[in-house]
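What follows is each chain in one-letter form.
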Amino acid sequence: MNKSLRDKIIQVCDSKIASKGPNVGLSFYAFFANKNDNPELLMEAAEWWIMENKLDHFEKATKIKELVKFK
């Protein structure tokens, strides 16, 4: 996973946790705008989420943040 995607995931997780609490769930779509303006990066996130980690559609932001920090 490239550094910019890792940084974006951590930033989004921190923001969601701060605004909605530690039990907030999110999907990998949370890290992107509602348009497909960077399909390569979207596929990188999807592959990491689905193929590498076998995560459910929604996961707790705290879990995602920890996975990304140790990647």
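Residues numbered from 1 in each chain as written. Predicted model: local features only at pLDDT ≥ 70, side-chain atom pairs only at ≥ 80, totals over all residues. Heavy atoms only, no water.

Student: Explanation requested: the packing of helix α1 (residues 3-20) against helix α3 (residues 61-69) in the structure shown.
Tutor: Packed helices, taken two at a time, are described by the angle between their axes plus the distance between the axes. Packing of α1 against α3 brings their axes to within 9 Å, and their N-to-C directions diverge by 155°. Overall, the two elements α1 and α3 adopt an arrangement that is roughly antiparallel. The interaxial crossing formed by α1 with α3 has left-handed handedness. The segment α1 lies against α3, with Arg6, Ile9, Ile10, Cys13, Asp14 and Ile17 engaging Ala61, Thr62, Ile64, Lys65, Val68 and Lys69. Classifying every residue of the contact of α1 with α3 gives seven nonpolar, one polar and four charged. (Axes fitted to C-alpha atoms, helices over the stretch in contact; angles between N-to-C directions. Helix = DSSP H or I, 4+ residues; strand = E, 2+ residues; numbered from the N terminus. Parallel < 35°, antiparallel > 145°, perpendicular 65-115°, else oblique. Left-handed = near helix turned anticlockwise from the far one by under 90°. Contact = heavy atoms within 4.5 Å. Nonpolar A, V, L, I, M, F, W, Y, C, P; charged D, E, K, R; others polar.)

Student: What's the story with the confidence of the model for the chain in this structure? I'm lost.
Tutor: Detailed reading of the predicted model is not advised wherever pLDDT is low. A residue-level look at the chain finds 99% of positions with pLDDT of 70 or above and a mean pLDDT of 93. When mean pLDDT is taken per element in the chain, strand β2 (residues 59-60) scores highest with 98 and helix α2 (residues 39-52) scores lowest with 94. (pLDDT = per-residue confidence, 0-100.)

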